[in-house]
Amino acid sequence: MSLRTKNGIHYLLICLICNILLISCGNSEDEETIINNIIGSWYGTRTYYNPASGTKYQYLNITFESNGMGNLEYTAPSSHSYAKFNYKISGNKILCNGYYATDAYEMDSAEKFEMTLNIEGDRLIPLDRYSYFILTKDDSVMTDSNGNEVIDDSSMLNNVWVRTDGYSVCVIENEKCTEYTLLKQYGKIYSSKTIYDIHYDVARKIIRFGTTEYDIVILNSSTLEIKNNKNHFIFTLGSSKDIPSAGESGDDDDVKALLVSARFGWKTNENITRLFNFIKDGRAIYMEGSERSLGSIGRITLCADGSYTLKNRQITCQYTDVQWDYGDELTKDWFPGWTYNKARTRKYTIRSISSESLTLEDEDGKVYITSPV
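The notes below deal with the structure included here. (Residues numbered from 1 in each chain as written. Predicted model: local features only at pLDDT ≥ 70, side-chain atom pairs only at ≥ 80, totals over all residues. Heavy atoms only, no water.)

### Looking at the environment of asparagine 277
Then comes step 1: Examined against the element boundaries, asparagine 277 turns out to sit in strand S19 (residues 273-278).
Then comes step 2: The spatial distance from the C-alpha of asparagine 277 to the C-alpha of alanine 262 is 7.3 Å, given a sequence separation of 15 residues. (Helix = DSSP H or I, 4+ residues; strand = E, 2+ residues; numbered from the N terminus.)

Quick look at the structure:
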């Protein structure tokens, strides 16, 4: 054999040995990286529905120590299991061998424990035991009764939702829903406000407002659709601009709708009872109780009937029929500013209005704070 041939063989052998060493070192580094990623605690949650007792949950927690030891805890509504084991990495699998018991203090009499888990990126998938779980370090994955991942999209609920018929706005935040019922379609003033506790069953895709349950048909970044056997509602994503006020904003149609929703009354410091009644067709009725009593008859009442107009939150009332009991010389001065059987125009500025109160200021600057009666 020539020297050149011998040198060639030596060269090939050296290359082969180097490749083997490189592969071996690479495998060692990969395995070390996998072990470092595995060390720590892993969590999984499984949910299922029991018709007799409602939605239930099971929890699995596995911890891998750096010394090749590990422990497991499984918690269900009516049972617990514990395990201690040794583990090793084989390819993309974790092989666990040890003992388990149903009482953490009885590990001395525990049964043999074997378990295999697949390593799939940042998840561990049990193969033989607890195979309905998916484990993550941040406890971010929930599975259903068949082991399928349940997507928890409840965070999308926390938004402003406008019902497509334009008569309701729901603001959902922190398991609370504030529902505003609007006075008019897509209005800016609400007639009533109701606050509900919310429960979202992520596994069954059911949402409960107070005591009323709805199936969630659609929940995404733009649409919320819910229904039950009585109602079917569709909401689109809104913004803070869609949240109505109690009356500080809104156009004249909003204000008028609120005005006609109730009769508003108050008592002054002199204990004089007053009442406003604005009717949808434009009729206005004003009533005022006298400060003094008329003999055994007692206090008498002024009643003014007419019409009103509303513009830029200014109310102009034109009372054409003004009457009160015994409207003669005996009581003509009992209602200052009013003359028996004589028309009168009065103007008011609406300072605030809601379904709970109406604050008016008259032409003389006197403020009246009223409430529905």
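Next comes the rest of the write-up.
### A short note on the side chain of threonine 116
Then comes step 1: The residue threonine 116 is located in strand S6 (residues 111-120) in this model.
Then comes step 2: Since its relative accessible area comes to 17%, threonine 116 is described here as buried.
Then comes step 3: When neighbours within four sequence positions are excluded, threonine 116 is seen to be in contact with Lys93, Ile94, Leu95, Ile125, Pro126, Leu127 and Asp128. (Buried < 20%, exposed > 50% of the residue type's maximum accessible area, 1.4 Å probe, protein only. Contact = heavy atoms within 4.5 Å.)

### Notes on empty space enclosed by the protein
Then comes step 1: Here the structure, examined in full by the defined rule, presents one cavity of 30 Å³ or more.
Then comes step 2: Put simply, the largest cavity is a space of about 30 Å³.
Then comes step 3: When residues of the lining of the largest cavity are traced back to their parent elements, those giving at least two are strand S11 (168-173) and strand S16 (223-227).
Then comes step 4: Its residues assigned to classes, the lining of the largest cavity comprises seven nonpolar, no polar and no charged. (1 Å grid on protein atoms, 1.4 Å probe; cavity = no way out; pocket = protein on both sides within 12 Å on 5 of 7 lines; lining within 4 Å. Points joined across faces, edges and corners; volume = space filled by probe spheres on them. Nonpolar A, V, L, I, M, F, W, Y, C, P; charged D, E, K, R; others polar.)

### Some details on the layout of surface pockets
Then comes step 1: The space that makes up the largest pocket amounts to roughly 320 Å³.
Then comes step 2: In terms of lining residues, the largest pocket is bounded by 14 residues, among which Asp152, Ser154, Glu175, His199 and Tyr200 are the most central.
Then comes step 3: Here the element with the most residues in the lining of the largest pocket is strand S13 (residues 190-201); it accounts for three residues.
Then comes step 4: Considering only residue class, the lining of the largest pocket consists of seven nonpolar, five polar and two charged.

### Comments concerning the pairing of strand S14 (residues 206-209)
Then comes step 1: Relative to S14, S13 is paired through four bridges, and the arrangement is antiparallel. Bridging from a neighbouring strand, aspartate 201 pairs with isoleucine 206 of S14.
Then comes step 2: Hairpin connection, S13 to S14: the antiparallel pair is bridged by four residues, and lysine 205 has positive phi, about 55°.
Then comes step 3: One ladder, built from four bridges, connects S14 with strand S15 (residues 212-219); its direction is antiparallel. (Pairing = 2+ DSSP bridges.)

### Some points on the nonpolar core
In globular proteins that are soluble, nonpolar side chains generally tend to be buried together.
Then comes step 1: Membership of the largest hydrophobic core comes to 30 residues, with the highest contact counts inside it found for Leu259, Ile315, Tyr319, Trp338 and Ile350.
Then comes step 2: Every residue in contact with tryptophan 338, bar those within four places of it in the chain, is listed here: Tyr286, Glu288, Leu302, Ala304, Tyr319, Val322, Trp324, Lys332, Arg344 and Arg346.
Then comes step 3: Of all hydrophobic cores here, the second largest spans 22 residues; its members include Ile62, Phe85, Tyr87 and Met115. (Core = buried A, V, L, I, M, F, W, Y, C linked by side-chain atoms within 4.5 Å.)

### Brief notes about the pattern of salt bridges
Then comes step 1: Throughout the structure, instances matching the rule amount to twelve salt bridges.
Then comes step 2: Across the salt bridge formed by arginine 204 and aspartate 201, the nearest N and O atoms sit 3.7 Å from each other.
Then comes step 3: Taking the relative accessible area as the measure of exposure, arginine 204 reaches 28% and is therefore partly exposed.
Then comes step 4: For the salt bridge of arginine 351 with glutamate 361, the shortest nitrogen-to-oxygen distance reads 2.8 Å. Here arginine 351 is found in strand S23 (residues 344-353), whereas its partner glutamate 361 is found in strand S24 (residues 358-362), with ten residues between them in sequence.
Then comes step 5: By relative accessible area, arginine 351 is classed as partly exposed at 48%. (Salt bridge = Lys/Arg side-chain N within 4 Å of Asp/Glu carboxyl O.)

### Let's talk about the pairing of strand S2 (residues 54-64)
Then comes step 1: Inspection of the sheet shows strand S1 (residues 40-50) paired to S2 by eleven bridges, in the antiparallel sense. From the neighbouring strand, glycine 40 faces S2, where its bridge partner is phenylalanine 64.
Then comes step 2: In this sheet, strand S3 (residues 69-76) lies alongside S2 in antiparallel orientation, the contact comprising six bridges. Bridging across to S3, threonine 63 finds its partner in asparagine 71.
Then comes step 3: With antiparallel pairing between neighbouring strands as the criterion, S2 and S3 make up a hairpin whose turn holds four residues, including glycine 68 at a positive phi of roughly 85°.

### Let's talk about the sheet that holds strand S8 (residues 142-143)
Then comes step 1: Sheet architecture is open: nine strands sit in the order S7-S6-S5-S4-S3-S2-S1-S8-S9, paired in mixed fashion. Strands at the two margins of the open sheet, each flanked by one partner only, are strand S7 (123-126) and strand S9 (149-150).
Then comes step 2: Inspection of the sheet shows S3 paired to strand S4 (residues 79-90) by eight bridges, in the antiparallel sense. Within S4, the position partnered with alanine 76 by the bridge is serine 79.

### Some remarks on unusual backbone geometry
Then comes step 1: Notably, asparagine 312 is not glycine yet its phi reads approximately 50°, a positive angle.
Then comes step 2: Phi at asparagine 341 takes a positive value of approximately 60°, unusual for a residue other than glycine.
Then comes step 3: Following the sequence through the fold, asparagine 341 ends up in the loop between strand S22 (314-324) and S23.
Then comes step 4: Exposure remark for asparagine 341: the relative accessible area of 54% places this residue in the exposed category.

### A closer look at the packing of aromatic side chains
Then comes step 1: The tally for this structure, following the rule as stated, stands at 21 aromatic pairs.
Then comes step 2: Relative to phenylalanine 113, the ring of tyrosine 100 lies with its centre 6.2 Å away and its plane at 65°, an arrangement referred to as edge-to-face. Here tyrosine 100, found in strand S5 (residues 93-101), pairs with phenylalanine 113, found in strand S6; they are 13 residues apart in sequence, far enough to count as distant.
Then comes step 3: According to the relative accessible area criterion, phenylalanine 113 is buried, its value standing at 1%.
Then comes step 4: Three or more aromatic residues link up through ring pairs in this structure, and these residues are Phe276, Phe278, Tyr286, Tyr308, Tyr319, Trp338 and Tyr348.
Then comes step 5: Directly above the ring of tyrosine 100 sits arginine 129, whose terminal nitrogen or CZ lies 4.6 Å from the centroid. (Phe/Tyr/Trp six-rings, centres within 6.5 Å; stacked < 30°, edge-to-face > 60°. Lys NZ or Arg CZ within 6 Å of the ring centre and 35° of its normal.)

Purely geometric numbers; function is a separate question.
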